[in-house]
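A structural walkthrough
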Amino acid sequence: MEERKILYSAIQPTNNLTIGNLIGAIKNWTNLQNDYDCYFAIANMHAITVRQVPADLRQTTLSMLALYLACGIDPEKCVMYVQSHVPAHAELCWVLNTFTYVGEMERMTQFKDKSARHAENINMGLMDYPVLMAADILLYQTDVVPVGLDQRQHVEISRDIAQRFNNIYSPTFKIPEALYMKVGAKINDLLDPSKKMSKSAENPNGVIYLSDDKDTVIRKFKRAVTDSGSEIKYDPEAKPGVSNLLTIYSVFTGKTIAEAEADFAGKGYGDFKLAVGEAVADKLTPIQKEQARLLADKSYLEGVLRSGAERASRTANRTLSKVYKKIGFYQL
Ligand code: TYM
């Protein structure tokens, strides 16, 4: 049998996940899990680059796993695990640090944004974040990394670091490719469609959280910014607000953009925004219910994580051991 390609992705644990995370990442994963050998991590080591409340971090780690499962990721097919349960991530990160330049890290857009937002805590981890992400990806000899467009730079730097290492020694890491959704790789804020929808947005009314109830979802969509004119047409340049809503509608209903436009031909913005809100709420409600049901079964969730950590460690340690050999670490 032909060997399947390897897919790797991760999300930081938080209670503030948005439909951007759902559309840009998890939804894509559920579609791809039948075609690849998949690893899905819960990136708690990335999460601590900004200050966390320990009890919350513990809780969101489990609720993240419950969310993966509630969205239909199958633990029989995919390895799901917590990043800190596989020490190889920190170990490879250290080695890769010595193949990464400070200047490269200082230029990362997300580092600059986060430094501005957390000026009181520009810690080394925040700057090193992309190297840890490179370690995540490279440990599994990953072929594809499905992410939203905001992670593009991080996947690029992972490729650069891998190539650099391979050139100095000999081929050790597979060079990964980012994989973006055709529709939905960047979902924008409802109140400011020039910005990505972000869990850390200042105004929560522009953001649909996965935990929002139906009334909240509908209320936020009703207030969403549309554009001048009255036509409901996909044109991200001239009509960024309407185009963002059409994208969300299309992803949540499974319709193409053209079909979405046809649904609203001759209709007004009011009807349109209500329909988008209902489409989103109808999909979120069952996910929320299933997530809550799973969260009540802690022993099941821990079983999934235990087996995930074992399977992930096996693969990760193989790569780490190759790396240690190549760089001349004495092995017993
Ligand atoms: P994170 O947790 O910020 O986001 C998780 C995923 O959601 C995508 N995303 C979006 N997609 C479309 N529109 C949006 N508005 C939107 N907002 C977020 C992100 O692109 C991402 O795919 N560093 C990563 C986690 C990570 C990782 C990795 C990813 C750690 N190691 C290895 C891939 C491979 C992060 O913080 O994503």
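In the block above lies the structure referred to throughout.
Reading guide: rules and limits
- Residues numbered from 1 in each chain as written.
- Predicted model: local features only at pLDDT ≥ 70, side-chain atom pairs only at ≥ 80, totals over all residues.
- Heavy atoms only, no water.
- Helix = DSSP H or I, 4+ residues; strand = E, 2+ residues; numbered from the N terminus.
- Expected span 1.5 Å × (residues − 1).
- Buried < 20%, exposed > 50% of the residue type's maximum accessible area, 1.4 Å probe, protein only.
- Contact = heavy atoms within 4.5 Å.
- Near = heavy atom within 4 Å.
- Polar contact = N/O pair within 3.5 Å; in protein donor to acceptor, adjacent residues only side chain to side chain.
- Areas by Shrake-Rupley, 256 points an atom, 1.4 Å probe, with all protein chains shown as cover.
- Core = buried A, V, L, I, M, F, W, Y, C linked by side-chain atoms within 4.5 Å.
- Salt bridge = Lys/Arg side-chain N within 4 Å of Asp/Glu carboxyl O.

1. Quick word on helix α12 (residues 269–295)
For α12, with 27 residues, the first-to-last C-alpha span of 38 Å sits near the 39 Å given by 1.5 Å per residue. Inspection of α12 places Tyr269, Phe272, Lys273, Val276, Gly277, Ala279, Val280, Ala281, Leu284, Ile287, Gln291 and Leu294 among the buried residues, and these make up the whole buried set. Elements that come into contact with the buried residues of α12 comprise α1 (19–32), α3 (54–70), α9 (214–222), α10 (240–253) and α13 (298–327).

2. Quick word on the site of the ligand
Not every one of the 26 residues close to the ligand is listed here, only the nearest: Gln12, Tyr129, Asp136, Gly148 and Asp150. Contacts to the ligand include Gly148, whose backbone N or O atom sits 2.8 Å from an oxygen atom. Between the ligand and the protein, one listed contact pairs an oxygen atom with a side-chain N or O atom of Lys199 at 3.1 Å. Starting from 710 Å² of accessible surface for the ligand in isolation, the protein chains cover 97%.

3. Observations regarding the nonpolar core
Core analysis: the biggest nonpolar cluster contains 60 residues, and Ile19, Tyr68, Phe221 and Val280 have the highest contact counts within it. Look past the residues within four positions of Phe221 in its chain and what remains in contact with it is Ile19, Leu190, Ile208, Leu245, Ile248, Lys273, Val276, Gly277 and Val280. Val86, Ala135, Val145 and Ala316 belong to the second largest nonpolar core, which has 41 residues in total.

4. Describing the pattern of salt bridges
It is possible for side chains bearing opposite charge to pair when their charged atoms get close. This model, assessed by the stated rule, comprises 10 salt bridges. For Asp263, the salt bridge is made with Lys255, and the minimal N-O distance between the two is 2.6 Å. Relative accessible area serves as the criterion here: at 26%, Asp263 is assigned to the partly exposed category. One salt bridge connects Arg293 with Glu290, and the closest N-O pair in it is separated by 2.9 Å. Note that Arg293 and Glu290 are positioned in helix α12 at a spacing of 3 residues, about one turn of the helix. Taking the relative accessible area as the measure of exposure, Arg293 reaches 53% and is therefore exposed.

5. Some thoughts on the pairing of strand β3 (residues 78–82)
Extensive coverage of β3 is indicated by the burial of 5 of its 5 residues. Here β3 shows a buried face lined by Cys78, Met80 and Val82 and a second buried face lined by Val79 and Tyr81.

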